[in-house]
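Each chain is listed here by its residues.
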Amino acid sequence: MKTQDIGDDRLDWRVFAPSLAVIAAVIVPLILFPQSGPAAVNAAFAFATGKFGWLYLLAGIATVVFLVGLAFSNYGNVRLGGPDDDPEFSYFSWIAMIFCGGIGIAIVNWTWVEPIYYLQGPPFDVKPMSNAAAEWALAYGQFHWGITPWAFYALPSLPIAYSMYVRHKPGVRLSVAAQGVLGRHADGWAGVLLDAVVVFGIVGGVGTSLGLAVPLVSRLAGTVLRVEPSTALDLGIIAIWTLMFGGSVWFGLSKGIRILSDVNVILAIALLVFTFVVGDSLFMLNGWVNSLGRMVNNFFVMSMWTDPIGHSTFPQDWTIFYWAWWIAYAPMMGLFVARISRGRTIRELIVAELVWGSLGCWIFFAVWGGYALDLQLSGTLDIGAVLKADGIPAAVQAILQTLPMPGLVIAVFILLCFVFLATTLDSAAYVLASVTTRKLSGYQEPKRSIRVTWALLLAGVGVALVQLGGLKPVQTSTIVVALPLIPVLFVLTLSLMRWLKEDFGSQPRHARRFLDLAERAAKEGRPVKEPAE
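Residues numbered from 1 in each chain as written. Predicted model: local features only at pLDDT ≥ 70, side-chain atom pairs only at ≥ 80, totals over all residues. Heavy atoms only, no water.

Peer 1: Residues and numbers for the overall build of the chain, please.
Peer 2: Across its full length, the chain holds 23 helices and two strands. Of the contacts formed within the chain by residues at least 6 apart in sequence, a portion of 83% connects residues at least 24 apart. For the chain, the accessible surface area stands at approximately 20,700 Å², while carbon and sulfur atoms represent 66% of it. (Helix = DSSP H or I, 4+ residues; strand = E, 2+ residues; numbered from the N terminus. Contact = heavy atoms within 4.5 Å. Areas by Shrake-Rupley, 256 points an atom, 1.4 Å probe, with all protein chains shown as cover.)

Written out as structure tokens, the structure is:
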């Protein structure tokens, strides 16, 4: 076993206890004061997005520019690992885990209906339900689920992976990755507070996922089983999810999470291909190419549009909301992606998220979003009316019933929903276990007992919130956390750049070679000279 394989895998009560306290401090008042609690959370959210919307937008465009520049720089060649560190997973499984962990149930929920919302309430003072509104509808779906969101995910992955596999710092945490700037303070109360907030963000993110998933699956399952949606059905669905992601977490990364992610991607591809074949394929292809061109051509305008003159609420309701949502999820994704990226280069990681992650979402919107938009525009199904009358689950159900063999399609779609959310939940439980372990190395998995504890805690929080109807304020409060996370992401970026310059100096093209030589020399107990230009 390598020296770096050894770490302290015991539960860290310094982080675990404050994390539970933060979760309880937010959730308990929402349960005890069902009127005033959510109102306070909504007021905080309105303040964050209303007063600091410009900051979210600048953070988005700055993150994209920085990562593209880093990928094309010589630092992009730096390998996240030592000379003997080969990639832990195949490229397909690696991409599958990144995509499924980052998207989860949200995309199978929103991709059918989001273009319809844009069609009814388009940006830039475009007339609702017009041809121009329809063109913007697909473009904005791809924009809100494309390059910028995945850039938010990729940004924290890099310093975390660097601290684990290049610097070999013990501890799979944001506080450890921020040591390049925080120094010894990362081990003090500041680091503990940062990690506790990250834990809350992850638990709140699970609340968001459950808030989307349970009503959708309950509605569809009720149709298949011919029963009315009820609390008992909701709890049964949560129980099945708990067994799925609890079992996956029990078996760990290679035997659990990897296999579930592979199955997830294969199921999704099958359903996407089916929809593409039976639907108007030409409309989907033309719509995708057209919307991709519109998005690329207007990327900077869309990224920085605040509508200061017209004062429409579109930027706040959609772009700023989404950027806050992605930032809130970024620490979880950063920790998870860093853990599974040993042996990859900085450039590989950036490409995996910005290119493959974006492409995966674009395909969903091109096929499912295009199919739904075609139904609306052709008059086959008035999805907008269903949305207004009965909400998203009913709209998704109505769309699925227009496909051939609707009973089978809905059954497969339910299975896809189960697997999609399970991959997000098992990633969340795995990351929570890592964050609340004392000094876990990047070559270790957290203890099975800690992983299962977090799986059960997540299930318990989900059951309590579904029972008490507290999901919406919890997910909103999670997004409020995104505001203070913006400077945290900035600190992580500075930490990474400081480490890169310390380790590689002004000649990053030799960086990986020098680092490998240094590691080999250290093992053999001899000095090493930096390679000449």
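Peer 1: Would you mind going over the pattern of salt bridges in detail, with residue names and values included?
Peer 2: A side chain of one charge can pair with a side chain of the opposite charge when the charged atoms of the two come close. Throughout the structure, instances matching the rule amount to nine salt bridges. Close ionic contact of arginine 167 with aspartate 503 constitutes a salt bridge, the shortest N to O distance being 3.1 Å. Taken as a pair, arginine 167 in the loop between helix 8 (147-165) and helix 9 (174-177) and aspartate 503 in helix 22 (residues 482-504) lie far apart in primary sequence, 336 residues in all. A residue is classified by how much of its surface remains accessible, and arginine 167, at 25% relative accessible area, is partly exposed. Connected via shared salt-bridge partners are Asp85, Glu88, Arg339 and Arg342. (Salt bridge = Lys/Arg side-chain N within 4 Å of Asp/Glu carboxyl O. Buried < 20%, exposed > 50% of the residue type's maximum accessible area, 1.4 Å probe, protein only.)

Peer 1: Talk me through the environment of valine 296; I want residue IDs and the actual numbers.
Peer 2: Inspection of the secondary structure assignment puts valine 296 in helix 13 (residues 281-297). Taking the relative accessible area as the measure of exposure, valine 296 reaches 60% and is therefore exposed. For the pair valine 296 and phenylalanine 143, spaced 153 residues apart in sequence, the C-alpha separation works out to 8.9 Å.

Peer 1: Summarise the nonpolar core; cite the residues concerned and give the values.
Peer 2: In this structure, Tyr56, Val108, Trp145, Trp368, Phe413 and Leu500 are the most contacted members of the largest nonpolar core, which totals 177 residues. In contact with valine 108, other than residues within four places in its own chain, are Phe364, Trp368, Phe413, Leu416, Cys417 and Phe420. (Core = buried A, V, L, I, M, F, W, Y, C linked by side-chain atoms within 4.5 Å.)

Peer 1: Before we move on, can you summarise the confidence of the model for the chain with the specific residues and values?
Peer 2: Predicted confidence across the chain gives a mean pLDDT of 83, with 86% of residues reaching 70 or more. Across residues 526-533, confidence stays below pLDDT 50; counting only partners more than four residues off in sequence or on other chains, it has 15 contacts. (pLDDT = per-residue confidence, 0-100.)

Peer 1: Could you give an account of the environment of aspartate 125, with specific residues and numbers?
Peer 2: The residue aspartate 125 is located in the loop between helix 6 (114-120) and helix 7 (131-144) in this model. The sequence separation of aspartate 125 and glycine 310 amounts to 185 residues, and the corresponding C-alpha distance is 8.3 Å.

Peer 1: Residues and numbers for the packing of helix 8 against helix 15 (residues 314-339), please.
Peer 2: Packed helices, taken two at a time, are described by their axes: the angle between them and the distance between them. Between helix 8 and helix 15, whose axes approach to 7 Å, the crossing angle comes to 35°. As for how helix 8 packs across helix 15, the hand of that crossing is right-handed. Along the contact surface, helix 8 presents Thr148, Pro149, Trp150, Phe152, Tyr153, Pro156, Ser157, Ile160, Ala161, Met164 and Tyr165, while helix 15 presents Trp323, Trp326, Ile327, Tyr329, Ala330, Met333, Gly334, Leu335, Val337, Ala338 and Arg339. (Axes fitted to C-alpha atoms, helices over the stretch in contact; angles between N-to-C directions. Left-handed = near helix turned anticlockwise from the far one by under 90°.)

Peer 1: I'd love a proper account of the packing of helix 4 (residues 91-103) against helix 19 (residues 406-435), names of residues and values included.
Peer 2: Helix 19 packs onto helix 4 with a crossing angle of 95° between their chain directions and a minimal axis gap of 7 Å. In terms of their interaxial angle, helix 4 and helix 19 are classed as roughly perpendicular. Facing helix 4, whose interface residues are Phe99, Cys100, Gly101 and Ile103, helix 19 presents Phe420, Thr423, Thr424 and Ser427. (Parallel < 35°, antiparallel > 145°, perpendicular 65-115°, else oblique.)

Peer 1: Can you break down unusual backbone geometry residue by residue, with the values?
Peer 2: A positive phi is found at methionine 129, a non-glycine position, where the angle reads about 65°. Among the secondary structure elements, methionine 129 is positioned in the loop between helix 6 and helix 7. Here the phi dihedral of histidine 168 falls at roughly 55°; this positive angle occurs in a residue that is not glycine. Topologically, histidine 168 is positioned in the loop between helix 8 and helix 9. Using a relative accessible area of 30% as the deciding quantity, one classes histidine 168 as partly exposed.

Peer 1: Go over the packing of aromatic side chains, please, and point to the residues and values.
Peer 2: If you walk through the whole model with that rule in mind, you get 45 aromatic pairs. Judged by centre distance (6.0 Å) and plane angle (50°), the ring pair of tryptophan 110 and tyrosine 117 falls under tilted. In this structure tryptophan 110 comes out as buried when scored by relative accessible area, which is 15%. On the basis of relative accessibility, which here comes to 26%, the residue tyrosine 117 falls in the partly exposed class. When the ring of tryptophan 150 is compared with that of tyrosine 153, the centres are 5.4 Å apart and the planes differ by 90°; the resulting orientation is edge-to-face. Note that tryptophan 150 and tyrosine 153 are positioned in helix 8 at a spacing of three residues, about one turn of the helix. Take tryptophan 150 and tyrosine 153: they sit in the same class, and that class is buried. Residue placement shows arginine 294 over the ring face of tryptophan 136; its charged tip is 4.7 Å from the ring centre. Cation over ring: arginine 344 sits above tryptophan 94, and NZ or CZ is 4.4 Å from the ring centre. (Phe/Tyr/Trp six-rings, centres within 6.5 Å; stacked < 30°, edge-to-face > 60°. Lys NZ or Arg CZ within 6 Å of the ring centre and 35° of its normal.)

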